[in-house]
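Here is what each chain is made of, one letter per residue.
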Amino acid sequence: MIRIIRQYHKTLSVVSPNLAANSAFELFKKVRKKNIREREKPFFEKAHHYDLNYQGKKIHCYEFGNPENDIVILLHGWDSNSGCMYRFVEPLLEKKKHVISFNLPGHAFYEDSKTNLQEARLVFQHFMKSLPKEKNVSIVSHSFGSAVTAFGLSNMDLKVDQLVFLTSPNEMEDIFVEFKNMIGLNDKSFHILKEKANKILGERLEDISVAQKLETAKFDHLYLLHDKSDKVLPYTNSLAIHQNIADSTLIEYDKIGHYRMLWNDDLVNQVISIIN
């Protein structure tokens, strides 16, 4: 399938750069909704479900534990759902935490199947503002969810305790360059695609990074957990963030995978230790 998509956009880039950029932009926003896996189902079966209204759409939220306890937010990545974070739930409940999560727009049971970083950021901020003001809050996020967390907290009048990024992208332009190469866009079409992204984000892609956003976020400490052999998001992303953020700790893993890490006992225990 990717060969067909690449050939289509490679040809269209020559014939009509604008059409190629428009097609690529819609493809970039598309979420591949996957079936809920067996090991994720208990998350949805055991959680207390509630909805938040955001611009007429329902954001599906889930919570576990005593609302009187301090809060830990679990935030999933791209093409995923809150259930992928289920392995962290029971250990956090044992530590007397109130665990809350939500499905990012375009994901899981959301009525639409497209989203972007700006929409996800706004939904994140809407969700954060709905939380009790007097509770301590920590966030455990995976992959794209880490970028959403950094962008969401940037310049927000809210401080959180621990940030735990289970992998993270960094330079936003790098993601688009990788996408450009994957689908075969020429430079002219790519320039148009970037301008579309710049307009939505309200700033230039080449000026945006997770590390830069974290500089204006309020948190006690950032922990970056990343597999040195990660084939989805290179380890160098977390390394660059760590080098730019003074209040951060980088914890390396090897061969635990990008997605498999969420079910790795050693990593889960490490996260619980950090949060506790």
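Right, let's walk through the structure included here. Everything numeric here is computed off the predicted structure, so don't read it as measured data.

## Quick word on the pattern of salt bridges
Now for step 1: Tallied over the full model, the rule gives 17 salt bridges.
Now for step 2: The partner of Lys180 in a salt bridge is Asp187, and the shortest N-O contact between them spans 3.4 Å.
Now for step 3: For Asp187, a relative accessible area of 58% corresponds to the exposed category.
Now for step 4: Between Arg204 and Glu206 there is a salt bridge, with the nearest N and O atoms lying 3.2 Å from each other.
Now for step 5: Several salt bridges converge on common partners, so that one network encompasses Glu173, Lys194, Arg204, Glu206 and Asp207.

## Description of the packing of helix H1 (residues 2-15) against helix H7 (residues 172-183)
Now for step 1: At a closest axis distance of 7 Å, the pairing of H1 and H7 adopts a crossing angle of 95 degrees. Of the possible angle classes, the one that applies to H1 and H7 is roughly perpendicular. Here H1 contributes Ile2, Ile5, Arg6, His9 and Lys10 to the contact with H7, which in turn contributes Asn181, Met182 and Ile183.
Now for step 2: Each residue belonging to the contact of H1 with H7 can be placed in one class, and the counts come to 4 nonpolar, 2 polar and 2 charged.

## Overview of the side chain of Asp79
Now for step 1: Summarising the element assignment, Asp79 is placed in the loop between strand E3 (71-75) and helix H4 (89-94).
Now for step 2: Here the side chain of Asp79 touches Trp78 through a polar contact of 3.1 Å, side chain to side chain.
Now for step 3: Setting aside anything within four residues of it in sequence, one finds Asp79 in contact with Val31, Arg32, Lys34 and His107.

## A short note on the sheet that holds strand E4 (residues 98-102)
Now for step 1: The strand order across the open sheet built from 8 strands is E1-E2-E4-E3-E5-E6-E7-E8, with neighbouring strands paired in mixed fashion. Pairing within the sheet leaves two strands with one partner each, and these edge strands are strand E1 (48-54) and strand E8 (248-253). Here the average twist between neighbouring strands, direction ignored, is 20 degrees.
Now for step 2: Relative to strand E5 (residues 137-142), E3 runs parallel, the two sharing 5 bridges. What sits directly across from Ile73, in E5, is Ile139.
Now for step 3: Its contacts with the sheet put helix H6 (residues 144-153) on E3, E5 and strand E6 (159-166), and the angle it makes with E5 is roughly 140 degrees.

## Details of the pairing of E1
Now for step 1: Taken together, the 7 bridges between E1 and strand E2 (residues 57-64) define a ladder with antiparallel strand orientation. Paired with Tyr50 across the bridge in E2 is Cys61.
Now for step 2: Turn length for the E1-E2 hairpin, with the two strands adjacent in sequence and antiparallel, is 2 residues, and the turn residue Gln55 shows positive phi of about 50 degrees.

## Side note on the nonpolar core
Now for step 1: Of all hydrophobic cores here, the largest spans 59 residues; its most connected members are Met128 and Leu214.
Now for step 2: Each residue touching Leu214, except ones within four places of it in the same chain, is listed here: Ala150, Leu163, Phe165, Phe219, Leu222, Ile241 and Ile245.
Now for step 3: By size, the runner-up hydrophobic cluster in this structure holds 31 residues, among which are Tyr86, Phe88, Val99 and Val271.

## A short note on the side chain of Asp230
Now for step 1: Within the secondary structure layout, Asp230 lies in the loop between strand E7 (218-227) and helix H10 (236-244).
Now for step 2: A distance of 2.8 Å separates a polar atom in the side chain of Asp230 from a polar atom in the side chain of His258.
Now for step 3: Each residue touching Asp230, except ones within four places of it in the same chain, is listed here: Thr167 and His258.

## Side note on the packing of aromatic side chains
Now for step 1: For the structure shown, the criterion picks out 9 aromatic pairs.
Now for step 2: Centre to centre, the rings of Phe43 and Phe44 are 5.2 Å apart; their planes meet at 75 degrees, and the pair counts as edge-to-face.
Now for step 3: Owing to a relative accessible area of 0%, Phe43 belongs among the buried residues under this scheme.
Now for step 4: On the basis of relative accessibility, which here comes to 18%, the residue Phe44 falls in the buried class.
Now for step 5: In this structure an aromatic cluster arises from ring pairing among Phe43, Phe44, Tyr62, Phe64 and Phe109.
Now for step 6: Over the face of the ring belonging to Tyr259 we find Lys34, whose NZ or CZ atom lies 6.0 Å from the ring centre.
Now for step 7: Sitting over the face of the ring of Phe190, Lys180 holds its NZ or CZ atom 5.8 Å from the ring centroid.

Parameters at a glance
Residues numbered from 1 in each chain as written. Predicted model: local features only at pLDDT ≥ 70, side-chain atom pairs only at ≥ 80, totals over all residues. Heavy atoms only, no water. Salt bridge = Lys/Arg side-chain N within 4 Å of Asp/Glu carboxyl O. Buried < 20%, exposed > 50% of the residue type's maximum accessible area, 1.4 Å probe, protein only. Axes fitted to C-alpha atoms, helices over the stretch in contact; angles between N-to-C directions. Helix = DSSP H or I, 4+ residues; strand = E, 2+ residues; numbered from the N terminus. Parallel < 35°, antiparallel > 145°, perpendicular 65-115°, else oblique. Contact = heavy atoms within 4.5 Å. Nonpolar A, V, L, I, M, F, W, Y, C, P; charged D, E, K, R; others polar. Polar contact = N/O pair within 3.5 Å; in protein donor to acceptor, adjacent residues only side chain to side chain. Pairing = 2+ DSSP bridges. Core = buried A, V, L, I, M, F, W, Y, C linked by side-chain atoms within 4.5 Å. Phe/Tyr/Trp six-rings, centres within 6.5 Å; stacked < 30°, edge-to-face > 60°. Lys NZ or Arg CZ within 6 Å of the ring centre and 35° of its normal.

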